[in-house]
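# Structural description and commentary
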Amino acid sequence: MSSASDIILREELIELLQRVKIFSEVGESDLSDIADQLTEIKYRSGQTIFKKGEEGDAMYIIKSGGVRVHDGNHVLSRLKPGQVFGEFALFDKESRSAS
């Protein structure tokens, strides 16, 4: 049986997914199923999430804060809440193309 806090958390995750472009047309029932599979991970400012060349097995959705995607000293992108990265890891077993 789900507690009230579990239900609120699931609703927050569904709302987050609805704001993510790749999930914008997915129905609420499917979003609920996806939300059940999510794991929240918190990173400190400046902490490396993964490095170029590592094997990927996860996609990341930014809930708050920001992420700098880079290759060495070259910044490829700066991502904001509601954006995703690492999604190609879900499609193939290639190593990460950036840090």
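Per chain, residues are indexed from 1 in the order of the written sequence. pLDDT decides what is reported in this predicted model: residues at 70 or higher carry local features, side-chain atom pairs at 80 or more are listed and counted, and totals for whole chains, interfaces and linings draw on all residues regardless. Remark: hydrogens and water are excluded; side-chain values derive from all non-hydrogen atoms of the structure.

## Some thoughts on the overall build of the protein chain
- Each helix corresponds to a stretch of at least 4 residues labelled H or I by DSSP, and each strand to a stretch of at least 2 residues labelled E; elements are numbered beginning at the N terminus. Broken down by element type, the protein chain carries two helices and four strands.
- Whether two residues are in contact is decided by their heavy atoms, any of which lying within 4.5 Å being enough. The long-range share in the protein chain, meaning contacts at least 24 apart out of those at least 6 apart in sequence, stands at 51%.
- Total accessible area on the protein chain stands at roughly 7,500 Å², and carbon and sulfur atoms take up 48% of it. Note on areas: Shrake-Rupley, 1.4 Å probe, and residue coverage restricted to the protein chains presented here.

## Considering the pattern of salt bridges
- Salt bridges are defined as contacts in which a side-chain nitrogen from Lys or Arg sits within 4 Å of a carboxyl oxygen from Asp or Glu. This model, assessed by the stated rule, comprises three salt bridges.
- As a salt-bridge pair, R10 and D36 come within 2.7 Å of each other at their nearest N and O atoms. You can see R10 sitting in helix α1 (residues 4–19) and its partner D36 sitting in helix α2 (residues 28–37), a full 26 residues away along the chain.
- A salt bridge links E40 to K63; its shortest N-O distance comes to 3.6 Å. In this pair, E40 is assigned in the loop between α2 and β1 (60–61) and K63 in the loop between β1 and β2 (67–71), connecting sequence segments 23 residues apart.

## Description of α2
- Only protein chains enter the accessibility calculation, which uses a 1.4 Å probe. A residue is then buried if its area is under 20% of the maximum for its type, exposed if over 50%, and partly exposed in between. Among all positions of α2, only L31, S32 and A35 are buried. Along the axis of α2, the buried residues cluster in a sector spanning 105 degrees; they form a single face. Exposed side of α2, more than 90 degrees from the buried face: S29 and Q37 are the residues found there. Note that the arc is computed from the directions linking the helix axis to the C-beta atoms.

## Observations concerning the environment of I62
- With respect to the secondary-structure elements, I62 resides in the loop between β1 and β2.
- Distance from I62 to K80, taken between C-alpha atoms, is 6.6 Å for residues 18 residues apart in sequence.
- Leave out the neighbours within four places in its chain, and I62 touches L16, V67, L79, K80, P81, G82, Q83 and F85.

## Some remarks on the environment of M59
- Mapped onto the elements of the fold, M59 is located in the loop between α2 and β1.
- In this structure the C-alpha to C-alpha distance between M59 and L38, which are 21 residues apart in sequence, comes to 9.9 Å.

## Section: the confidence of the model for the protein chain
- Scored by pLDDT, the protein chain has a mean of 87; 89% of the residues are at 70 or more.
- Here α1 is the element of the protein chain with the lowest mean pLDDT, 82, and β1 is the one with the highest, 95. Looking at any residue, its pLDDT shows the predictor's confidence there, from 0 to 100.

## Some points on the pairing of strand β3 (residues 74–79)
- Any two strands between which DSSP finds at least two bridges are classified as paired. Sheet topology note: the β2/β3 ladder contains five bridges and is antiparallel. The residue of β3 that forms the bridge with V67 is L79.
- Hairpin geometry of β2 and β3 is characterised by an intervening segment of two residues between the two adjacent antiparallel strands and by a positive phi of about 65 degrees at G72.

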